[in-house]
Structures are given as structure tokens and as C-alpha cells.
Amino acid sequence: MTAAPSPRTERLVEFSPQELNARLHEALELYVTAMNYPPSTVEQRAPMWLAHMLREDWRCVVALDDRDELVGIGYGYRGSSGQWWHEQVRRGLTTVSGAQAVDEWMDDYFELTELHVLPRAQGRGLGEALLRNLLAGVPTTHVLLSTPEGPSNAWRLYRRVGFTDVLRHYQFTGDPRPFAVLGRELPMT
């Protein structure tokens, strides 16, 4: 017998860099749990997340449960030349689709860097609510993201809200897994 999902009690809150910094360890533990990464990933990712908070148009939206614990997080910023992810995607997209595709997708975009929901809070629309709230009012013409290839809740969400293929089966430097880069125009309707 499968238990019925608990009633949705989460609330969405936009966090400033200072607010996320104050709860960074909790946010990174959420990330590690949602992605099923080893616990040591928390220390490896902390400096990167802190650096991301300094980027242009950085935004963060979190989901808090009725005990004020983080159960979801999404953040991103304006992508630009010189950023590691931008340069990786530009290289792959140039190779596969050419300079025109790079200009089309990467001239004015918001990089959706992280979007995660704890497994216990999944299946109730929280990921989509975080995504829509995070992207509301973003001042770019596109949003881009990367996600591991293969069927997942994330894939279903991104397809449902209109993300299309930009680059498929791409290997980022230092990660043996194949990734897809997905994108869509903004604003979301």
C-alpha cells in the first residue's frame, strides 16, 4: 500500500545572497541529497556557490516547509563570456551547430544553475513552482540549463514547460556523464 502524499505546506521565498550564505550548508545538503551525491560534495561545491552569488542578475528562490527547513532551491544568473559553463557550452555548440546557434542562444541568457527538490517533497509541483517563480521577471531573452541525459523528473518538468534541445550528449570537462543543454525563450507563459 502506498501512502498518500502529505499536504503541500511549502512556501516560496526569494533569498538574497546574504540569506543563502547564512543557510549555505543546509542548501548544499539539500543539493547533495536531491542529486544523490557523496556527502563530501558539500565542501567541494561551497566555494562555487559563493562565487555564483556575486554574478550579474543572480537570483535565488527557495521552498521552505512548515518547520522553515529548505525542501527546494533554484538559482541562476546572467550568463556571459569568461564563465566556465558559458565557455564549455559555447565550445560544444560551436562544434555541433556553428557560430549562428551560439549567437542565437548565448547572446542574452539566464543560466539556470541549480534547481533541486528533496525527494520527500517531489511529485507535488514544487519544482515547477520554483522554476516559474525564479524565472519570473528575469531580464534576458532566453534561459539555458544543463541536465544529465536520461529519463528523470527533471526531464519531464523541462519538457512540460517548453524547454527544447540546444546541445545533446555533451561531456563537460571533468565529468564523464553525458549532459543535455536545454533552452527556451523568456518570458515563460
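Residues numbered from 1 in each chain as written. Predicted model: local features only at pLDDT ≥ 70, side-chain atom pairs only at ≥ 80, totals over all residues. Heavy atoms only, no water.

Another aspect to go through is the packing of aromatic side chains. Considering all chains together, one arrives at 9 aromatic pairs under this definition. Here the aromatic rings of Trp 85 and Tyr 109 are separated by 6.2 Å at their centres, their planes lie at 45°, and the arrangement is tilted. Of the two residues, Trp 85 sits in helix H4 (residues 84-97) while Tyr 109 sits in strand S4 (residues 109-117), which places them 24 residues apart along the sequence. Judged by its relative accessible area of 0%, Tyr 109 falls in the buried class. Aromatic rings pair up to connect Tyr 31, Tyr 37, Trp 49, Trp 58 and Tyr 75 into one cluster. (Phe/Tyr/Trp six-rings, centres within 6.5 Å; stacked < 30°, edge-to-face > 60°. Helix = DSSP H or I, 4+ residues; strand = E, 2+ residues; numbered from the N terminus. Buried < 20%, exposed > 50% of the residue type's maximum accessible area, 1.4 Å probe, protein only.)

Bringing the packing of H4 against helix H5 (residues 99-106) into the picture now. Describing two packed helices takes the angle between their axes plus the distance from one axis to the other. Relative orientation of the contacting elements H4 and H5 amounts to 140°, with a least axis distance of 7 Å. It follows that H4 is oblique to H5 by the angle criterion. As for how H4 packs across H5, the hand of that crossing is right-handed. Along its contact with H4, which presents His 86, Val 89, Arg 90, Leu 93, Thr 94 and Ser 97, the element H5 presents Ala 99, Ala 101, Val 102, Trp 105 and Met 106. (Axes fitted to C-alpha atoms, helices over the stretch in contact; angles between N-to-C directions. Parallel < 35°, antiparallel > 145°, perpendicular 65-115°, else oblique. Left-handed = near helix turned anticlockwise from the far one by under 90°. Contact = heavy atoms within 4.5 Å.)

Of the residues in the protein chain, 95% reach a pLDDT of 70 or more, and the chain-wide mean stands at 94. Counting interchain partners and residues more than four positions distant, the pLDDT-below-50 stretch residues 1-7 has 2 contacts. (pLDDT = per-residue confidence, 0-100.)

It is worth spelling out the packing of helix H2 (residues 24-35) against helix H3 (residues 41-52) at this point. Remark: H2 packs on H3, axes separated minimally by 10 Å, with the N-to-C direction vectors making an angle of 120°. Here H3 runs oblique to H2, going by the angle between their axes. Here the hand of the crossing between H2 and H3 comes out right-handed. When H2 is examined against H3, the residues Leu 24, His 25, Ala 27, Leu 28, Glu 29, Tyr 31 and Val 32 are found in contact with a partner set consisting of Thr 41, Val 42, Arg 45, Ala 46, Trp 49 and Leu 50. Each residue belonging to the contact of H2 with H3 can be placed in one class, and the counts come to 9 nonpolar, 2 polar and 2 charged. (Nonpolar A, V, L, I, M, F, W, Y, C, P; charged D, E, K, R; others polar.)

Before going further, it helps to examine H4. For H4, with 14 residues, the first-to-last C-alpha span of 20 Å sits near the 20 Å given by 1.5 Å per residue. Buried within H4 are the following residues: Trp 85, His 86, Gln 88, Val 89, Gly 92 and Leu 93. Taken end-on, H4 shows its buried residues confined to a sector of 165°, consistent with a single buried face. Summarising the contacts, the buried residues of H4 are in contact with H5, S4, strand S5 (142-148), strand S6 (164-170) and strand S7 (179-185). (Expected span 1.5 Å × (residues − 1). Arc of directions from axis to C-beta.)

Here we come to the pattern of salt bridges. Note that side chains of opposite charge can pair when their charged atoms are close. Taken as a whole, this structure holds 20 salt bridges when the rule is applied. Ionic pairing is found between Glu 56 and Arg 78, a salt bridge with its closest N-O pair at 3.5 Å. In this pair, Glu 56 is assigned in the loop between H3 and strand S2 (59-64) and Arg 78 in strand S3 (residues 70-78), connecting sequence segments 22 residues apart. The exposure class of Arg 78 is buried, given its relative accessible area of 18%. The partner of Asp 65 in a salt bridge is Arg 120, with the nearest N and O atoms 3.6 Å apart. Taken together, the residues Asp 65 in the loop between S2 and S3 and Arg 120 in the loop between S4 and helix H6 (126-135) connect sequence positions 55 residues apart. What makes Asp 65 buried here is its relative accessible area of 4%. Judged by its relative accessible area of 48%, Arg 120 is partly exposed. (Salt bridge = Lys/Arg side-chain N within 4 Å of Asp/Glu carboxyl O.)

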